[in-house]
Amino acid sequence: MGNTVAREDFEWVYTDQPHADRRKEILAKHPEIKALMKPDYNLIWVVVLMVLAQLTAFYLVKDLDWKWVVFWAYVFGSCISHSMTLAIHEISHNSAFGNSKAMWNRWFGIFANLPLGLPYSISFKRYHMDHHRYLGGDGIDVDIPTNFEGWFFCTRFRKFIWIVLQPFFYAIRPLCINPKPITRLEIINLLAQLAFDVAIYYLWGVKSMFYMLAGSVLGLGLHPISGHFIAEHYMFLKGHETYSYYGPLNLLTFNVGYHNEHHDFPNIPGKSLPLVKKIAAEYYDNLPQYNSWIKVLYDFVMDDTISPYSRMKRQLKGEVKQD
């Protein structure tokens with residue numbers, strides 16, 4: 001239980017990320033994939049329905065016993081909340097309204113953010129674009145854990161705690177690794193969220209507020225869907241930087257499990273990523289892949305050679321452009 005993992009630093013690599021070269025190869029061989037680079041307008045209606053579902057839940061839990069508020073926050077609210085963060089991920093790539101209406105996507109992201117309780121959408125978009133451009137970039141990609149996380153969360157018990165606390169690390173890490181000046185849109189995101197939270201508290205009280213916030217924290221922590229945080233880029237196999245997951249939870253997560261496909265083609269909505277895999281099967285079928293995010297979480301905790309250090313990291317050279 002107290003075994004310390006062997007890894008003591010990140011896996012430093014001195015090559016470019018593989019996704020740009022693979023994208024060029026695939027497009028040269030399968031130019032029909034370009035037809036998939038268009039908005040997914042169904043995303044708009046799915047997000048609206050999810051917001052309405054959470055508003056209904058806020059109303060329904062307001063008079064329940066606390067034990068049932070906690071129960072529904074984990075069983076239902078956490079799933080919707082985590083799914084909504086991945087809808088916001090889609091929106092950050094302009095998948096709802098297209099690149100020609102970038103601001104429509106930003107406003108829609110702020111709307112989708114409301115049932116999460118904490119302002120997230122605008123800041124996520126700024127940092128997520130860096131993650132794609134500079135995957136593993138030292139001091140730029142805030143998806144990479146800090147040295148403290150790698151050093152401290154080095155036993156099975158501590159790794160378990162790290163998984164539970166993932167939402168807090170994702171919130172704090174950008175401030176430690178790559179703080180950015182606050183923008184006008186981030187302030188609007190914050191004010192809109194505060195106004196929404198106050199309205200929920202005023203209308204339906206503390207239990208609805210608790211359900212909203214607890215669902216977000218629980219959904220991003222010790223939860224089956226949270227396996228995707230680790231499955232995407234943690235190096236279970238040496239030399240492989242990005243991994244796809246092809247299990248059923250893709251239905252709740254806008255196909256974020258198709259992660260090699262997503263990094264190869266970030267301008268293709270999640271809905272179409274299974275078709276990318278089908279068209280270019282010769283590029284994806286033989287890559288390492290997962291079918292269970294729960295097993296990923298279990299293996300991460302129990303495998304003494306895996307830790308938050310199990311990531312590829314790059315020292316970036318030349319000009320770095322950030323949002």
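The structure reproduced in this document is the subject of the present report. Computed from a predicted model, the values in this text were never measured in an experiment.

1. Let's talk about the layout of surface pockets
Roughly 1,200 Å³ of volume is contained in the largest pocket. Lining the largest pocket are 40 residues, with Tyr-120, Ser-123, Phe-124, Tyr-170 and Ala-171 positioned closest to its centre. Of all the elements in the fold, those that place two or more residues in the lining of the largest pocket are helix H3 (66–92), helix H5 (121–133), helix H8 (166–177), helix H9 (184–204), helix H10 (206–219) and helix H11 (227–231). Looking at the lining of the largest pocket element by element, the count peaks at 8 residues for H8. For the lining of the largest pocket, the class distribution of residues is 22 nonpolar, 12 polar and 6 charged. Approximately 510 Å³ is the volume found for the second largest pocket. Contributing to the lining of the second largest pocket are 21 residues, with Asp-16, Gln-17, Arg-133, Tyr-134 and Arg-314 lying nearest its centre.

2. Thoughts on the packing of aromatic side chains
Overall, the coordinates contain 25 aromatic pairs when judged by the stated rule. Ring geometry for Trp-151 against Phe-152: centres 6.0 Å apart, planes inclined by 45°, an arrangement best described as tilted. The class of Phe-152 is partly exposed, set by a relative accessible area of 29%. Members of the aromatic cluster, connected to one another through ring pairs, are Phe-148, Trp-151, Phe-152, Phe-153 and Phe-169. Looking at Lys-101, its charged tip hangs above the ring of Trp-104, at a distance of 4.3 Å from the centre.

3. Let's talk about the pattern of salt bridges
Counting across every chain of the model gives 15 salt bridges. Lys-271 serves as the salt-bridge partner of Asp-40, at 3.6 Å between the closest nitrogen and oxygen. Pair noted here: Asp-40 is in the loop between helix H1 (19–29) and helix H2 (42–61) and Lys-271 is in the loop between helix H12 (259–264) and helix H13 (273–279), with a separation of 231 residues, a long-range link. Of the residues examined, Asp-40 reaches a relative accessible area of 7% and is grouped as buried. Among the salt bridges present, the one from Arg-173 reaches Glu-149, with a minimum N-O distance of 2.8 Å. Taken together, the residues span a long stretch of sequence, with Arg-173 in helix H8 and Glu-149 in helix H6 (residues 147–152) at a distance of 24 residues. Of the residues examined, Arg-173 reaches a relative accessible area of 2% and is grouped as buried. What you see here is one network of salt bridges that share partners, running through Asp-130, Arg-133 and Lys-180.

4. A word on the side chain of Ser-226
Secondary-structure assignment places Ser-226 in the loop between H10 and H11. Within the local environment of Ser-226, its side chain forms a polar contact with the backbone oxygen of Gly-221, the two atoms lying 3.0 Å apart. Sequence-distant contacts of Ser-226, that is, excluding residues within four places in its chain, are made with His-82, Gln-166, Gly-219, Leu-220, Gly-221 and Leu-297.

Conventions and cut-offs
Residues numbered from 1 in each chain as written. Predicted model: local features only at pLDDT ≥ 70, side-chain atom pairs only at ≥ 80, totals over all residues. Heavy atoms only, no water. 1 Å grid on protein atoms, 1.4 Å probe; cavity = no way out; pocket = protein on both sides within 12 Å on 5 of 7 lines; lining within 4 Å. Points joined across faces, edges and corners; volume = space filled by probe spheres on them. Helix = DSSP H or I, 4+ residues; strand = E, 2+ residues; numbered from the N terminus. Nonpolar A, V, L, I, M, F, W, Y, C, P; charged D, E, K, R; others polar. Phe/Tyr/Trp six-rings, centres within 6.5 Å; stacked < 30°, edge-to-face > 60°. Buried < 20%, exposed > 50% of the residue type's maximum accessible area, 1.4 Å probe, protein only. Lys NZ or Arg CZ within 6 Å of the ring centre and 35° of its normal. Salt bridge = Lys/Arg side-chain N within 4 Å of Asp/Glu carboxyl O. Polar contact = N/O pair within 3.5 Å; in protein donor to acceptor, adjacent residues only side chain to side chain. Contact = heavy atoms within 4.5 Å.

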